[in-house]
Amino acid sequence: MRKHRNQVRAGLIAAVTAAALTGGVAVASADDTVPVSEDAHTFNQNEEGLFELQAPADDSGGVQPMNWTSSLTGWASGTTKESRHWADNDYTEIQFTGCSMVGATGQSVGVKLWQAIPFAQDKDMGTKTFTNCFRGSGYTSKGEWNVHYNGGDNRYFTIAHLNGSAYGRAVVNVKKVYVDTTAAD
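Notes on the structure in this doc start here. (Residues numbered from 1 in each chain as written. Predicted model: local features only at pLDDT ≥ 70, side-chain atom pairs only at ≥ 80, totals over all residues. Heavy atoms only, no water.)

### Notes on the state of the cysteines
Following the criterion strictly, the structure yields one disulfide and no others. The disulfide partner of C99 is C133, and the S-S distance across this bridge is 2.1 Å. Across the disulfide from C99 to C133, rotation about the S-S bond amounts to roughly -95°, and the bridge is consequently left-handed. Note that C99 is positioned in strand β5 (residues 92–102) and C133 in the loop between β7 (123–130) and β8 (140–145), a separation of 34 residues in sequence. Residue C99 shares its accessibility class with C133, and that shared class is buried. (Disulfide = S-S within 2.5 Å. Helix = DSSP H or I, 4+ residues; strand = E, 2+ residues; numbered from the N terminus. Buried < 20%, exposed > 50% of the residue type's maximum accessible area, 1.4 Å probe, protein only.)

### Quick word on the packing of aromatic side chains
Centre distance and the angle of the planes are the two values used to describe a pair of aromatic rings. According to the stated counting rule, one finds four aromatic pairs in the structure shown. Between W75 and F157 the ring centres are 6.0 Å apart and the planes differ by 40°, which places this aromatic pair in the tilted class. Of the two residues, W75 sits in strand β3 (residues 72–75) while F157 sits in strand β9 (residues 154–162), which places them 82 residues apart along the sequence. Of the two residues, W75 and F157, both sit in the buried class. Look at F96 and F130: their rings are 5.2 Å apart centre to centre, the planes differ by 85°, and that puts the pair in the edge-to-face class. (Phe/Tyr/Trp six-rings, centres within 6.5 Å; stacked < 30°, edge-to-face > 60°.)

### Considerations on the nonpolar core
Inside soluble globular proteins, nonpolar side chains tend to come together where they are buried. The biggest cluster of nonpolar side chains holds 23 residues, and the ones touching the most others in it are I94, F96, V109, F157 and V172. Of all elements in the fold, only β3, β5, β6 (109–116), β7, β9 and β10 (171–180) reach the threshold of two or more residues within this core. (Core = buried A, V, L, I, M, F, W, Y, C linked by side-chain atoms within 4.5 Å.)

### A closer look at the pattern of salt bridges
Pairs may arise between side chains of opposite charge once their charged atoms sit close together. On inspection of all chains with the given rule, the structure shows two salt bridges. For K112, the salt bridge is made with D124, and the minimal N-O distance between the two is 2.9 Å. You can see K112 sitting in strand β6 and its partner D124 sitting in strand β7, a full twelve residues away along the chain. Between E144 and K142 there is a salt bridge; the shortest N-O distance is 3.8 Å. The exposure class assigned to E144 is partly exposed, which follows from its relative accessible area of 38%. In this structure K142 comes out as partly exposed when scored by relative accessible area, which is 25%. (Salt bridge = Lys/Arg side-chain N within 4 Å of Asp/Glu carboxyl O.)

The following block contains the structure:
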């Protein structure tokens, strides 16, 4: 009996080890409708209203005029870095493709949308948490905001948190950043 238990245990350990080394075994059925991630999205570069958002050119938060880099490099949460401003008044969709972190294992990035209000405090329009873009360089996350505040018509985003924390030493890199201002896609 004891020999049989040891053989079963050895077989289970071998199966778990093989699954861990090969990335696991997934079984799916036609009834599986739960998405991998709430923010999972397939990028379509021909989507109406979509434009590539440039990243700041230097550490001061400035941007290169008309020279879009299509990436973010070394953005930390809670810093003064903000994206380029764009004209928008009702609907905004932000997409990140190919996210990675330096200083931590990348799991999520909080993208906070702001409405710029001239001569007043900018309005926080909410934060979306992106996770799908950390699955690999070709994976895209998206967040949609459908809100408006009076007094301004330009928007921008900042990084609110990395892996759920507004504090830490990690920074995020994003291979491609896109903004869509057209809800009718």
